[in-house]
Amino acid sequence: MDSTGGELLPFEVADEVAAAVGMEELRLLARMAGAGPFGCWACGQEGTASQQTAAAIVVRGRGDELTLLRLAHQSCLRSQVLRDDRVEKATFPSTTDVSVSTALLAGGHGPRAALILDFTGSAAAPGPGGRTDLLISGLLSAGMGLIGDITIPPPTAPGFSAVLRRRKISITHRDGTPLVEEGDVTRIPGWHAAVRRTGQITVLAGSALGLEAGADGVTRAAREGRLAGGQIRVT
């Protein structure tokens, strides 16, 4: 483990990386890394930070307007700050950096089928109140809403569509950007029946949701303003 300011982190952190993003975002990345495998920024293959073979990478776009914080295998890249103008074109994190879980939420006419997207990458940029979570702001700009209470059905997110085939689901924005691309879904009992009954799913998305804590992690993210979502039609 690497130590930054006396704090242990499960990945290598260069001084320039710590200075670029700060300890708060590094702690968030550590929580994400603890939730499961990450997608290596360099090679795209999976890695596990708990094996002490990961490095924190900062990727900056043109003019420093956009900063991505990602993980890479140490064998691919050492911890450093990189520049890549392509990051400015990305609305959502890479689809390799999201875990997909199913849930059933209470509804007035029966349970609602929910799909919980827990992203394991962090993207931030300067904003009026400090650094802005670009995952949430990107989802809001694309048509989702900020979720403050998961017990209340959110409005429809008209910019998105979902396709469910066998055990895989794809969610795509109308501009062609994939939010989830052929993601494997392990359906809990009653989930598919709820989808068939309503023809839609409630999508809840955020980073470091703490799904190991069940609904408590998602509820906490909603309370802290770290959850976006909407109702999406399924075909």
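Here, the structure is the one placed above.
Residues numbered from 1 in each chain as written. Predicted model: local features only at pLDDT ≥ 70, side-chain atom pairs only at ≥ 80, totals over all residues. Heavy atoms only, no water.

### With respect to the pattern of salt bridges
When the charged atoms of two side chains with opposite charge come close together, those side chains can pair.
1) Next: The final tally for this structure, using the stated rule, is two salt bridges.
2) Next: For the salt bridge of Arg78 with Glu12, the shortest nitrogen-to-oxygen distance reads 2.8 Å. Taken together, the residues Arg78 in the loop between strand E6 (67–73) and strand E7 (80–83) and Glu12 in the loop between strand E2 (7–9) and helix H1 (15–21) connect sequence positions 66 residues apart.
3) Next: Assessed through its relative accessible area of 17%, Glu12 is described here as buried.
4) Next: Across the pair Arg226 and Glu224 runs a salt bridge whose closest N-O atoms are separated by 2.8 Å.
5) Next: With relative accessibility at 47%, the residue Glu224 sits in the partly exposed group. (Salt bridge = Lys/Arg side-chain N within 4 Å of Asp/Glu carboxyl O. Helix = DSSP H or I, 4+ residues; strand = E, 2+ residues; numbered from the N terminus. Buried < 20%, exposed > 50% of the residue type's maximum accessible area, 1.4 Å probe, protein only.)

### Here's the deal with the pairing of strand E5 (residues 54–60)
1) Next: Of all seven residues that make up E5, six are buried, and the element is covered over most of its length.
2) Next: Sheet topology places E5 next to E6; seven bridges connect them, and they run antiparallel. Residue pairing for E6: Val59 is matched across the bridge by Leu68. (Pairing = 2+ DSSP bridges.)

### Here's the deal with helix H4 (residues 191–198)
1) Next: For H4, the full list of buried residues reads Trp191, Ala194 and Val195. One side of H4 carries all its buried residues, which in axial view fall inside an arc of 100°. (Arc of directions from axis to C-beta.)

### Describing the environment of Gly143
1) Next: Mapped onto the elements, Gly143 comes out in the loop between helix H3 (134–142) and strand E12 (145–146).
2) Next: Given a relative accessible area of 31%, Gly143 falls into the partly exposed group.
3) Next: Measuring from C-alpha to C-alpha, the distance between Gly143 and Pro158 comes to 6.6 Å, with 15 residues separating the pair along the chain.
4) Next: Excluding residues within four positions of it along the chain, Gly143 makes contact with Thr156, Ala157 and Pro158. (Contact = heavy atoms within 4.5 Å.)

### Regarding the sheet that holds strand E8 (residues 98–105)
Strands pair in a sheet through their backbones, by hydrogen bonds, and they do so in one of two ways: parallel or antiparallel.
1) Next: The sheet built from five strands is open, its strands ordered E8-E9-E16-E17-E12 with mixed pairing. Bordering the open sheet on either side are E8 and E12, each of which pairs with just one other strand.
2) Next: In the packing of H4 onto the sheet, contacts are made with E8, strand E9 (112–119), strand E16 (200–207) and strand E17 (228–233), and the angle to E9 comes to roughly 115°. (Axes fitted to C-alpha atoms, helices over the stretch in contact; angles between N-to-C directions.)

### Section: the pairing of E9
1) Next: Burial of E9 is extensive: eight of the eight residues sit out of reach of the surface.
2) Next: In terms of strand pairing, E8 meets E9 through eight bridges, oriented antiparallel. Paired with Val100 across the strands is Leu117, a residue of E9.
3) Next: The antiparallel pairing of E8 with E9 creates a hairpin that spans six residues between the two strands, and Gly110 there sits at a positive phi of about 125°.
4) Next: As paired elements, E9 and E16 share six bridges and run parallel to each other. Directly across from Asp118, in E16, lies its bridge partner Gly206.

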